[in-house]
Each structure stands twice: as C-alpha cells, then as structure tokens.
Amino acid sequence: SNDAAPGNEASSSPSGAPAPAASAEPAAPAKPADEEVTVGMGPADASKPMYPIFSLFRSSDIKTVLVDSIPVYLIALYSIWDSITQRFLIAIQSKSLFVTNIETGLSEPRYVWLSDMRLEVFAGDHVLVGVFGAIGLTVWSGGFVVILYCALRSHRETLMDPTVHRRFGFFFNGLEPDHYYWELLVKRVDVLLVYL
C-alpha cells in the first residue's frame, strides 16, 4: 500500500533520497548595515575613560588637557625630588669645630657651614641661606611627599580604579594594596636619612 500514516509523511527529492529535515531554530535576524558593533568591549571596559588624543588626553579642551596631565606633573616633580633635596640639605649642613677661647683658654664648640667654614650656621651671613634651606626641606622634601601620601590614602579603597590608577599608579605599582605607601614614606625617608 502507498498510503502513509498522518504526520509521518516524508518528502523525497527527485532522485529518491530523503530531503534533510528543516531546523527547528528560527534564523537570527540580519543586523542593519548601519548598526555599530563594538568588539571586545565588556562591562568593565565600557566604564574606562577613553584617551583618543595621543593616548594622553580625553579631548583637546585646555581644562581637560591640564587635568589629564596630572600624572606627568607628579612624576616629573618626583623625579627631581632627590636632587633638589640635596641642594636644600647643602644649605644647612654643618660641622662642629672646637675653637679655643682666648679669654678663658677653654675649647668651645662652634658649628660652621660645611660649604664655607668661615660662617657659623644660622648666624651672620648664613642666616638667609639657612632659613631658605630649612623652609625648602619642610615644604618640598617633606610637604610634597606627605601631600602625595594623603592623596593616595584618600583613594586607598579604589586604587585600581582606572582613573585613580592612571593618576597615581606610578607610586604603588608592584606593591601589595595594603603597602601602597611604601615608595613614598619608607623609601623616601630612608633616602633622606642617608643624606643627613
């Protein structure tokens, strides 16, 4: 008999071979030609600020350029911290000498400036140089490091945020998150003590 059971009908090709079964999944709709496709941009990447201008600036606006240049300022100042600190230290470095008092015949200590041993430190012609050196050490050598440390401390919970990491990452890259201060406080103080 040539009758087939309902629902079990099979279509045949002219050669007699059965035709392939149709897929049950609907075909994906074609994307419009003008639709923008972003490749490799996950949720984390989408939140990162983009720096299209020389990979340094987000736009050519002068205010944006100045803000985006903050890492450059910080690294440049940090790179000259060492040499300027040495100059300020030279301004106050002294040496103790024992000078005999002609009237009493006793030896008395006298602190002279190491760069010009005719001058006593913080006396006479050395006063201006000494004050300048002391202020420089306080504001530059100490103040710059402390301010930078405070900036890092205020962001200690978000150090790996793209914006924070771009701005301050130079000072804590390679360190454990809990020891972000090591480069600023430990190593800088160590260098300062060596100079003293």
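Just so it is clear, the structure is predicted and the values come from calculations on it, not from any experiment.

**Student:** For this particular structure, what's the right way to read the sheet that holds strand β2 (residues 107-113)?
**Tutor:** Within a sheet, adjacent strands bond to each other through the backbone by hydrogen bonds, running parallel or antiparallel. Taking strand neighbours across the sheet as the criterion, the 3 strands line up as β1-β2-β3 in an open arrangement whose pairing is antiparallel. Only two strands of the sheet have a single neighbouring strand rather than two, namely β1 (94-100) and β3 (116-120). For this sheet, the mean inter-axis angle between neighbouring strands, taken without regard to orientation, is 50°. Bridge count between β2 and β3: 2 bridges; the pairing is antiparallel. Within β3, the residue paired with Trp113 across the bridge is Asp116.

**Student:** How do you make sense of the side chain of Thr85 when you look at a structure like this?
**Tutor:** With respect to the secondary-structure elements, Thr85 resides in helix α3 (residues 70-92). Here Thr85 falls in the buried class, since its relative accessible area comes to 0%. Those residues in contact with Thr85 that sit more than four places away from it in its chain are Leu137, Trp140, Ser141, Leu192 and Tyr195.

**Student:** How should I be thinking about the pattern of salt bridges in this particular structure?
**Tutor:** Side chains bearing opposite charge may pair, as long as their charged atoms lie close to each other. Inspection of every chain in the model, using the stated rule, returns 3 salt bridges. Where Glu120 meets Arg110, a salt bridge forms, and the shortest distance between an N and an O atom there is 3.6 Å. One end of the pair, Glu120, is in strand β3; the other, Arg110, is in strand β2, with 10 residues separating them in the sequence. Glu120 gets classed as partly exposed once you look at its relative accessible area, which sits at 38%. Here Asp116 makes a salt bridge to Arg118, at a shortest N to O gap of 2.9 Å.

**Student:** Teacher, can you tell me more about the pairing of β2 here?
**Tutor:** Successive residues of a regular strand alternate their side chains across the two faces of the sheet. Pairing of β1 with β2, which is carried by 7 bridges, proceeds in the antiparallel orientation. Each bridged residue has a counterpart across the sheet, and for Lys95 the counterpart in β2 is Val112. The hairpin turn running from β1 into β2, its antiparallel successor, is 6 residues long, and Gly105 in that turn takes a positive phi close to 75°. Hairpin remark: β2 followed by β3, antiparallel, with 2 residues in the connecting loop.

**Student:** Even after reading the chapter, I still don't get the packing of aromatic side chains, so can you show me in this structure?
**Tutor:** Geometry of an aromatic ring pair is reported as the spacing of the ring centres plus the angle between the planes. The full count for this structure, using the stated rule, is 7 aromatic pairs. With 5.5 Å between their ring centres and 10° between their planes, Trp140 and Phe144 make a pair best called stacked. Highlighted residues: Trp140 and Phe144, both in helix α4 (residues 127-154), separated by 4 residues, approximately one helical turn. An identical accessibility class is assigned to Trp140 and Phe144; each is buried.

**Student:** What am I meant to see in the confidence of the model for the protein chain here?
**Tutor:** Detailed reading of the predicted coordinates is not advisable wherever pLDDT falls low. With 72% of its residues at a pLDDT of 70 or more, the protein chain shows a mean pLDDT of 78. Taken as a whole, residues 1-15 scores under 50 in pLDDT and shows 3 contacts with residues more than four places along the chain or in a different chain.

**Student:** Would you mind going over the environment of Phe88 with me for this structure?
**Tutor:** Residue position: Phe88 is located in helix α3. For Phe88, a relative accessible area of 13% gives the class buried. Put simply, Phe88 and Gly133 are 45 residues apart on the chain and 4.6 Å apart in space, counted from C-alpha to C-alpha. Dropping the residues within four chain positions of it, Phe88 is found in contact with Phe132, Gly133, Gly136, Leu137 and Trp140.

**Student:** What should I look at first to understand the packing of α3 against α4 in this one?
**Tutor:** Two quantities define a packed helix pair, namely the angle between the axes and the distance from one axis to the other. Contact geometry of α3 with α4 gives a least axis separation of 9 Å together with a crossing angle of 150°. Of the possible angle classes, the one that applies to α3 and α4 is roughly antiparallel. You can see that α3 and α4 cross each other, and the crossing is left-handed. Residue-level inspection shows Leu74, Leu77, Tyr78, Ile80, Trp81, Ile84, Thr85, Phe88, Leu89, Ala91 and Ile92 of α3 in contact with α4, the latter providing Val129, Gly130, Phe132, Gly133, Ala134, Gly136, Leu137, Trp140, Ser141, Phe144, Val145 and Leu148. Among the residues making up the contact of α3 with α4, the classes are represented as 18 nonpolar, 5 polar and no charged.

Quick notes on the rules
- Residues numbered from 1 in each chain as written.
- Predicted model: local features only at pLDDT ≥ 70, side-chain atom pairs only at ≥ 80, totals over all residues.
- Heavy atoms only, no water.
- Pairing = 2+ DSSP bridges.
- Helix = DSSP H or I, 4+ residues; strand = E, 2+ residues; numbered from the N terminus.
- Axes fitted to C-alpha atoms, helices over the stretch in contact; angles between N-to-C directions.
- Buried < 20%, exposed > 50% of the residue type's maximum accessible area, 1.4 Å probe, protein only.
- Contact = heavy atoms within 4.5 Å.
- Salt bridge = Lys/Arg side-chain N within 4 Å of Asp/Glu carboxyl O.
- Phe/Tyr/Trp six-rings, centres within 6.5 Å; stacked < 30°, edge-to-face > 60°.
- pLDDT = per-residue confidence, 0-100.
- Parallel < 35°, antiparallel > 145°, perpendicular 65-115°, else oblique.
- Left-handed = near helix turned anticlockwise from the far one by under 90°.
- Nonpolar A, V, L, I, M, F, W, Y, C, P; charged D, E, K, R; others polar.

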